[in-house]
Amino acid sequence: FRQGSVNQAQSDYDSPWKEAIDIYFEPFMAFFFPQAHQDIDWLRGYDSLDTELQEIIRDSETGRRLADKLVKLWLLDGEEAVVLIHIEVQSQSQSDFAKWMYIYNHRLFDKYDREVISLAILADDRLSWRPTSYSYSRWGFQTTLQFPTVKLLDYRQQWQILEQSRNPFAVIVMAHLTTLATRENLQQRLQSKLSLIRELGDWRGSASALQGDRGYSRNEILQLFRLIEWMMVLPEELERNFRTELKRYREENRMPYITGFERDAIAQNTRESTIEVLQIRFETVPENINQILDTIENLPQLKQLHRQAVTVDSLQEFEQILAQIQTD
């Protein structure tokens, strides 16, 4: 994580991006790689191969852990393909990023013996850093990997297009860029976070038929709300201010409160997201952590635990936090 000012909130980019791709894989491809999206037979679905990818990453001598996605899908011409997606979310450029792309691509080709298409999203803050290939040669031998990349910073010049887009990744990109831009101005992040939440829609109407300005369903709004909260982290005092402002806005616009069923669903999603963060950071999560999280119903407390899962130095430290909650 990038270290900012003393009061800088810790922002977790890897985890919400990975979950957003899990939830919205087809919109992800349509938004960032439209040509590839047109060639895919979406009616046949796709299979996630993330477990296999993590095995390859662990075996790699680089020890590199990215927010990656590995998917097996089918093309309209009937062929089977494997798509490897790398999300680079470091705050600084990485000189050997292209090398990692090469290593993973070749290991996956060796494993599956079929086309492995590597794609990259560059979510860093260095406008000039744009790796697109890796190659080496000697004595007449040459090998090269060329891969398409999308630079999120380029969308700063397309803000109006993002605001008008129905694709959920338009909102996610806006949240990501705003988080980068407000690392040293958390008060501005609070206001920007409120603005993004409001732009999801007015939430007027019945709970079952509710849709926002972008045409999102209520469930989509709740999912995006959770991802925005996850990405745009605020320190505790500003988080309380955010909650107060959001409550006032909802009351002024007669927005219905979240039902008990929806609150239970959000709580369960938060538990699962917390476990996923711990798995990404520490690989193996003891079963007792799952069991303790299942007993916690307090939603603000669960959200606080999720943020702590992002920042703790070890699983032991997280277990100590859970133990303290049990004794309180």
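Here we summarise the structure given alongside this text. (Residues numbered from 1 in each chain as written. Predicted model: local features only at pLDDT ≥ 70, side-chain atom pairs only at ≥ 80, totals over all residues. Heavy atoms only, no water.)

Assigned secondary structure in the protein chain consists of 14 helices and 7 strands. Counting the 328 residues in the protein chain, one finds 50% classified as buried. In the protein chain, 69% of the contacts between residues at least 6 apart in sequence involve partners at least 24 apart. For the protein chain, the exposed area adds up to about 16,500 Å²; of that, 46% sits on carbon and sulfur atoms. (Helix = DSSP H or I, 4+ residues; strand = E, 2+ residues; numbered from the N terminus. Buried < 20%, exposed > 50% of the residue type's maximum accessible area, 1.4 Å probe, protein only. Contact = heavy atoms within 4.5 Å. Areas by Shrake-Rupley, 256 points an atom, 1.4 Å probe, with all protein chains shown as cover.)

The subject of this paragraph is the pairing of strand 6 (residues 141–146). Direction of pairing for strand 5 (residues 133–138) relative to strand 6: antiparallel, over a ladder of 6 bridges. From the neighbouring strand, serine 133 faces strand 6, where its bridge partner is glutamine 146. Counting the residues between successive antiparallel strands, the hairpin from strand 5 to strand 6 contains 2 residues, one of them, tryptophan 139, with a positive phi of roughly 55°. (Pairing = 2+ DSSP bridges.)

A word on helix 8 (residues 186–199). Its 14 residues give helix 8 an end-to-end C-alpha distance of 20 Å, which sits within 8% of 20 Å, the value for a rise of 1.5 Å per residue. Taken residue by residue, helix 8 has Leu186, Arg189, Leu190, Ser192, Lys193, Leu194, Leu196 and Ile197 as its buried positions. (Expected span 1.5 Å × (residues − 1).)

Okay, the packing of aromatic side chains next. Taken as a whole and assessed by the stated rule, the structure comprises 19 aromatic pairs. Plain terms: the ring middles of phenylalanine 31 and phenylalanine 32 are 4.8 Å apart, the flat faces sit at 85° to each other, and that makes the pair edge-to-face. Residues phenylalanine 31 and phenylalanine 32 agree in their burial class; the two are buried. Taking the centre distance of 5.7 Å and the plane angle of 70° together, the rings of phenylalanine 32 and phenylalanine 169 count as edge-to-face. (Phe/Tyr/Trp six-rings, centres within 6.5 Å; stacked < 30°, edge-to-face > 60°.)

Now for unusual backbone geometry. Unusually for a residue other than glycine, tryptophan 139 sits at a positive phi of about 55°. Unlike most non-glycine residues, glutamate 283 shows phi in positive territory, near 70°. Secondary-structure assignment places glutamate 283 in the loop between helix 11 (260–282) and helix 12 (287–295).

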